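# Observations on the model geometry
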Amino acid sequence: QVQLVESGGGLVQAGGSLTLSCAASSRTFNSNFMGWFRQGLGKEREFVATTTWSGGRIYTADSVKGRFTISRDNAKNTIYLQMNSLKPEDTALYYCAATTYSNPTYYDGASYNVWGQGTQVTVSS
C-alpha cells in the first residue's frame, strides 16, 4: 500500500510563504492526479490544486490562484505546493491526495483513493 507523506507546514505571518511537500513511498505508484486539499476548523474539505504526473495538466482553485503553485518532481515521486501571500483564511490542515481511478473528477475529494496524514498551516494576522 503506497503511503503519502507530507511535510512543510507551520506557523507563518500573513503575507508570508510556505512550501509543502508530499512524497509517495512507492516508485511503482502510478496515479492519475496527485494534489492538495485543505480543511479549516469547522469547514468542509476544499480542493486546492492538483497535477498529473505525465501530461502536465494542472488545476488550481480560484481561491488560491495567483498565490499558490503546484509542481512535481517525477524522479522523487514528490509534489510541492508553493504558497505565497498567505492569508489568515488559508489556515487549515492540508492533505496530500492521489487517485488511481481512471476517470477522476479532479476537484472532488471522493475521487481520490490515497491520502496523507495532513500537515497544519497556520497563518497569523
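These lines cover the structure that appears in this document, whether it is placed above or below.

Conventions adopted
- Residues numbered from 1 in each chain as written.
- Predicted model: local features only at pLDDT ≥ 70, side-chain atom pairs only at ≥ 80, totals over all residues.
- Heavy atoms only, no water.
- Helix = DSSP H or I, 4+ residues; strand = E, 2+ residues; numbered from the N terminus.
- Buried < 20%, exposed > 50% of the residue type's maximum accessible area, 1.4 Å probe, protein only.
- Contact = heavy atoms within 4.5 Å.
- Areas by Shrake-Rupley, 256 points an atom, 1.4 Å probe, with all protein chains shown as cover.
- Lys, Arg positive; Asp, Glu negative; His and termini not counted.
- Charge placed at Lys NZ, Arg CZ, Asp CG, Glu CD.
- Polar contact = N/O pair within 3.5 Å; in protein donor to acceptor, adjacent residues only side chain to side chain.
- Salt bridge = Lys/Arg side-chain N within 4 Å of Asp/Glu carboxyl O.
- Pairing = 2+ DSSP bridges.
- Axes fitted to C-alpha atoms, helices over the stretch in contact; angles between N-to-C directions.

Let's shift gears to the overall build of the protein. Assigned secondary structure in the protein consists of zero helices and eleven strands. Along the protein, helices and strands appear, N-terminal first, in the series β-β-β-β-β-β-β-β-β-β-β. Once the C-alpha set of the protein is aligned to its principal axes, its extents read approximately 40 × 25 × 25 Å. A total of 125 residues make up the protein; the buried ones form 44% of that total. Here the contacts in the protein between residues at least 6 apart in sequence split such that 58% fall between residues at least 24 apart. Surface accessibility of the protein: about 6500 Å² in total, with carbon and sulfur atoms responsible for 45%. Here the protein carries 10 positive and 8 negative side-chain charges, and the mean point of each set is 6 Å from the other.

Here we come to the side chain of Arg38. Relative to the elements of secondary structure, Arg38 occurs in strand 4 (residues 33-39). Polar side-chain contacts of Arg38 include one of 2.9 Å to the side chain of Asp90. Here Arg38 is in contact with Glu44, Arg45, Glu46, Val48, Ser63, Val64, Phe68, Glu89, Asp90, Ala92, Leu93 and Tyr94, once residues within four sequence places are set aside.

This paragraph deals with the pattern of salt bridges. Enumeration over the complete set of coordinates arrives at four salt bridges. The salt bridge partner of Arg38 is Asp90, with a shortest N-O separation of 2.9 Å. Taken together, the residues Arg38 in strand 4 and Asp90 in the loop between strand 8 (78-83) and strand 9 (92-99) connect sequence positions 52 residues apart. Residue Asp90 is classed as buried on the basis of its relative accessible area, which comes to 1%. Through salt bridges that share partners, Arg38, Glu46, Arg67 and Asp90 make up one connected network.

On to the pairing of strand 3 (residues 18-24). Burial within strand 3 is extensive, with five of its seven residues counted as buried. Sheet topology places strand 1 (residues 4-7) next to strand 3; four bridges connect them, and they run antiparallel. In the sheet register, Ser7 faces strand 3, and the bridge partner there is Ser21. Where strand 3 lies against strand 8, six bridges are found, and the strand directions are antiparallel. Considered in strand 8, the bridge of Thr19 is made with Gln82.

What follows covers the sheet that holds strand 8. A sheet is described by the order of its strands in space; here four strands give the open sequence 1-3-8-7, paired in antiparallel fashion. Edge positions in the sheet fall to strand 1 and strand 7 (68-73), since each of these pairs with one other strand and no more. The sheet shows a mean angle of 15° between the axes of neighbouring strands, direction not considered.

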